[in-house]
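Coordinate analysis (summary)
Residue-level listing of the chains:
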Amino acid sequence: MVDGVGLAQPRPSSFGPLYDGPPIIEVRDLGISYGGKPALRDASFDIYRHEIFGIIGPANSGKTSFLRALNRMDDFTTGMEVRGSIHINGKDVNDWRNLYALRSRIGVVLPLPVGLPLSVYDNVAFSPRLRGIRKKAQLDEVVERCLTRAALWDEVKDRLGSLGSLLSGGQQQRLTIARALSQEPELLLLDEFSIAVDPVTTMRIEDVLKDLRSELTIVLVTNLVQQARRLADRTAFFLTGELVEIGATEDLFEGNVKDERTTGYIEGRYG
Amino acid sequence: MFTATALNRRSYRRQSVAKAVFCLMTVALVIPVLLILGTLVVKGAPAISWEFLFTAPTNNMTAGGIFPALVGTIWLVVVALLASVPIGVAAALYLSEYAPDNLLTRAINLAIVNLAGVPSIVHALFGFGAFVLFFRFNASILAASLTLAVMTLPVVIVATRESLQAVPHAFREACWNMGATRWQTIRKVVLPNSISGILTGVILEVSRTSGETAPIMFTGAAMFVPFLPQSVFDQTMALSYHLYNVSTQLTDVPEELTYGVALVLIAIVLLMNAVSIGFRIYLRGLKKW
């Protein structure tokens, strides 16, 4: 543990196992900027195994930049600079020589669904194939399992050969989640996944996420504060590149805050 | 309430005038095309026959057919494609998918645009100096095709790059996020969805290559070769150069023969363009997003 902004100790969650052991992600003095323009400044915090870690905050608060730094997408983004350090499983993400190996262990779901212009089946089999799985039976099994978990199997099981990019928006987002799960990730990053999804589907996906917590760690960026309240064990509040506060989600929502701005945002006074 | 004001009426009138002017310009644009095609068809069609297409010229090219020139043009185009497509596609892939956006790549992009603007006679002299003299290919199909390849490289690169960039960036990010390398992403997602545009660019290149005269006249085209080319080191006749000769260099060539050559040449180019357009329409129907 380090001193810093509100590094609240995790506490037993109301809907899951108690996390223990060392943190899976340790962020220290993280600063991110694009072409010299800062997007995130001096953030330090830990994320624990098997927790759903919520990040809330208005636009341009640095939430997405943090996710991009986690899986080293700065490597693919011109002008993006990252300072400070992020350790995943105790290893600095900058020490990975093979970034593809790092990324293959992190599932990412972006705000807008991306059905790759491949069949539904090939979308989900993409990552297993990258891992070298070739046997049809094995691939079939992964595809069915991941689509089922993403609450999409029943809708597409009869048309696995049709194009993933032609599914409806909500279906494509669940396809994206299935694809992320097919990576068998240790870490699942969700960036405002429900923007393009209807409320009913959102609730179904949220149920899936709660189930998944026993297997992996989820970082949930959302601009729906109630979604963070429903899902997250702990929540961080980012505001214009500053980590304002971090705490057990219930504490934040019950007004148990160190910084009044947090309550202000949660109650919708700005943002 | 629902009556047109004076201002409404004036806007409406002006809009009608604007529409009429634009329409007139479009018609003016079509007239020369129709005139050229019409003249060629009317004056050249009588010359067209199987014999014209498949026999060699005779009587000092004042009679007979165009077969060696037709075959020569095919040779030139195919060899030029073999050289320019691999290089152009690879360069476009690098520029679009790998290269960082820095001063060097911007300079390269600028160079490509400028290469497209170089007059064909300059390419011809470059090809003569480089391929005929320096590499000692002499005047040959190889030298002429390489000159054509250099000239049409920008077409291939630009067409390829544009069709690569038409594939949404989100697809690439989604693949990278799953741990795919750039090459895996290109092979599995980007190329399959841009190959249509690349092929369209290639077909356009064919139509341009087959019509060029200047780049081949010093580098490999001959006025008259009594036999068909046997290898890339032979000189050859070519339709475009043949047209230049029968229309300006030789006397006593019957008018219909000259128009016949022009008609065949333009028919090849139009056929290629039609294939390209049809291909594009077909592939648009297969659009995957």
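Quick notes on the rules
- Residues numbered from 1 in each chain as written.
- Chains lettered and ligands numbered in written order.
- Predicted model: local features only at pLDDT ≥ 70, side-chain atom pairs only at ≥ 80, totals over all residues.
- Heavy atoms only, no water.
- Patch = residues over 30% accessible without salt bridge, like charges linked within 9 Å, V, L, I, M, F, W, Y side chains within 5 Å.
- Areas by Shrake-Rupley, 256 points an atom, 1.4 Å probe, with all protein chains shown as cover.
- Salt bridge = Lys/Arg side-chain N within 4 Å of Asp/Glu carboxyl O.
- Helix = DSSP H or I, 4+ residues; strand = E, 2+ residues; numbered from the N terminus.
- Domains from an automatic or database assignment.
- Contact = heavy atoms within 4.5 Å.
- Buried area = accessible area lost by both parts, 1.4 Å probe.
- Polar contact = N/O pair within 3.5 Å; in protein donor to acceptor, adjacent residues only side chain to side chain.
- Buried < 20%, exposed > 50% of the residue type's maximum accessible area, 1.4 Å probe, protein only.
- Phe/Tyr/Trp six-rings, centres within 6.5 Å; stacked < 30°, edge-to-face > 60°.
- Lys NZ or Arg CZ within 6 Å of the ring centre and 35° of its normal.
- Core = buried A, V, L, I, M, F, W, Y, C linked by side-chain atoms within 4.5 Å.
- Pairing = 2+ DSSP bridges.

Description of a nonpolar patch on the surface
Where nonpolar side chains cluster on the molecular surface, the patch consists of Ile121, Val122, Leu125, Phe128, Leu133 and Phe218 of chain B and spans about 510 Å² of accessible area. With respect to the helices and strands, Phe218 of chain B occurs in the loop between helix H10 (214–217) and helix H11 (239–249).

Notes on the domain arrangement of chain B
All names here are of chain B. Domain annotation of chain B identifies domain 1 (6–47) and domain 2 (50–286). Spacing between the C-alpha centres of domain 1 and domain 2 amounts to 31 Å. Facing nine residues of domain 1, the contacting portion of domain 2 comprises ten residues. Carbon and sulfur atoms make up 77% of the surface buried where domain 1 meets domain 2, a total of about 800 Å² over both sides. The interface formed by domain 1 and domain 2 includes zero residue pairs in polar contact (both at pLDDT 80 or more).

With respect to the pattern of salt bridges
Oppositely charged side chains are able to pair whenever their charged atoms sit close together. In the structure shown here, the tally under the stated rule is 24 salt bridges over all chains. Among the ionic pairs, Asp101 of chain B bridges to Arg106 of chain B, the shortest N-O distance being 3.2 Å. In this structure Arg106 of chain B comes out as partly exposed when scored by relative accessible area, which is 49%. Connected through salt bridges with shared partners, the residues Arg131, Glu141, Arg145 and Glu184 of chain A form a single ionic network.

Concerning the packing of aromatic side chains
The geometry of two aromatic rings is summed up by the distance between their centres and the angle between their planes. Per the counting criterion, the structure on display carries 14 aromatic pairs over all chains. When the centroid spacing of 5.6 Å and the interplanar angle of 15° are considered together, the rings of Trp50 of chain B and Phe54 of chain B count as stacked. Note that Trp50 of chain B and Phe54 of chain B are positioned in helix H2 (residues 50–54) at a spacing of four residues, about one turn of the helix. Aromatic rings pair up to connect Phe126, Phe131, Phe134, Phe135 and Phe137 of chain B into one cluster. Between the NZ or CZ atom of Lys188 of chain B and the centre of the ring of Phe126 of chain A, over which it lies, the distance is 5.5 Å.

A word on the nonpolar core
Note on soluble globular proteins: their nonpolar side chains tend to be buried together. Residue and element names in this part refer to chain A. Ranked by size, the top nonpolar core spans 36 residues in total, and within it Leu147, Leu188, Leu190, Leu209, Leu212 and Ile218 carry the most contacts. Where this core is concerned, the elements lending two or more residues are helix H3 (120–130), helix H4 (136–149), helix H5 (153–156), helix H6 (169–182), strand E7 (187–191), helix H7 (199–212) and strand E8 (217–221). If you look at the next biggest cluster of nonpolar residues, it comprises 32 residues, including Leu30, Leu70, Leu99 and Ile246.

Section: the environment of Pro113 of chain A
Residue and element names in this part refer to chain A. Mapped onto the elements of the fold, Pro113 is located in the loop between strand E6 (106–109) and H3. Overall, Pro113 belongs to the buried group, its relative accessible area being 19%. Discounting residues that sit within four places of it in the chain, Pro113 has contacts with Gly169, Gln172, Gln173, Thr176 and Ala196.

Remarks on the pairing of E6 of chain A
Residue and element names in this part refer to chain A. The alternating pattern of E6 places Ile106 and Val108 on one face and Gly107 and Val109 on the opposite face, and all of these are buried. For E6 and E7, the ladder comprises four bridges, and the chain directions are parallel. Within the sheet, the bridge partner assigned to Val108 lies in E7 and is Leu189.

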